[in-house]
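Take a look at the letters that make up each chain.
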Amino acid sequence: MDPTRLYPELQFQFARSGGKGGQNVNKVATKAELYFDIPNSTVLTEEEKAVLLEKLVNKITTEGVLVLYHQTERTQLGNRDKVTEKFYQLIRKAFEKEKPRKATRPTKASREEKLVAKKKRGEVKERRKKVDFD
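Below: a short report on this structure. (Residues numbered from 1 in each chain as written. Predicted model: local features only at pLDDT ≥ 70, side-chain atom pairs only at ≥ 80, totals over all residues. Heavy atoms only, no water.)

**A few points about the overall build of the protein chain**
Secondary structure summary: the protein chain contains 4 helices and 3 strands in total. Traced from its N-terminal end to its C-terminal end, the protein chain shows the element sequence β-α-β-α-β-α-α. Principal-axis analysis of the C-alpha atoms places the extent of the protein chain at approximately 85 × 45 × 25 Å. Burial status across the protein chain gives 26% buried among its 134 residues. Long-range pairs, those at least 24 residues apart, make up 61% of the contacts in the protein chain with a sequence separation of at least 6. Just so you have it, the protein chain exposes about 10600 Å², and 51% of that area is on carbon and sulfur atoms. Charge-centre separation for the protein chain: the mean point of 31 positive side chains lies 7 Å from the mean point of 20 negative side chains. (Helix = DSSP H or I, 4+ residues; strand = E, 2+ residues; numbered from the N terminus. Buried < 20%, exposed > 50% of the residue type's maximum accessible area, 1.4 Å probe, protein only. Contact = heavy atoms within 4.5 Å. Areas by Shrake-Rupley, 256 points an atom, 1.4 Å probe, with all protein chains shown as cover. Lys, Arg positive; Asp, Glu negative; His and termini not counted. Charge placed at Lys NZ, Arg CZ, Asp CG, Glu CD.)

Here it is, written out as structure tokens:
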């Protein structure tokens, strides 16, 4: 999945932001907000839409719109480039196949080490008990 083909469907808005810029932040809208409407995308297939809606559930609105923002740069262009790159990385990560976990058994040495550690710990706890001198 090449996320750069989604660029025509991205919508940007700009707002005032904090961050660097001194008095400039009070006058210029440099915070870049990126909006991507997943359900109404013409580039994505239905399966791809389902994957995105499932994997990005914490980053999308109830209407299925992915919202990202960036505000650390001093210019609109800088923030737009950064938020676009953030979007591309997010899409790439969402479509990565998870490597299946191979079940492994603990080695003999690690099992013996665990038993030794448990024995030592038990002895430490045993020495904490009150001694009865009678």
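**Comments concerning the sheet that holds strand E1 (residues 11-15)**
The antiparallel open sheet is built from 3 strands, whose spatial order is E1-E2-E3. Looking at which strands have only one partner, the edges of the open sheet turn out to be E1 and strand E3 (65-70). On average, adjacent strands in this sheet sit at an angle of 20° to one another, irrespective of strand direction. Bridge count for E1 against strand E2 (residues 31-37) is 5 bridges, and the pairing is antiparallel. Across the sheet, Ala15 pairs through a bridge with Lys31, a residue of E2. (Pairing = 2+ DSSP bridges. Axes fitted to C-alpha atoms, helices over the stretch in contact; angles between N-to-C directions.)

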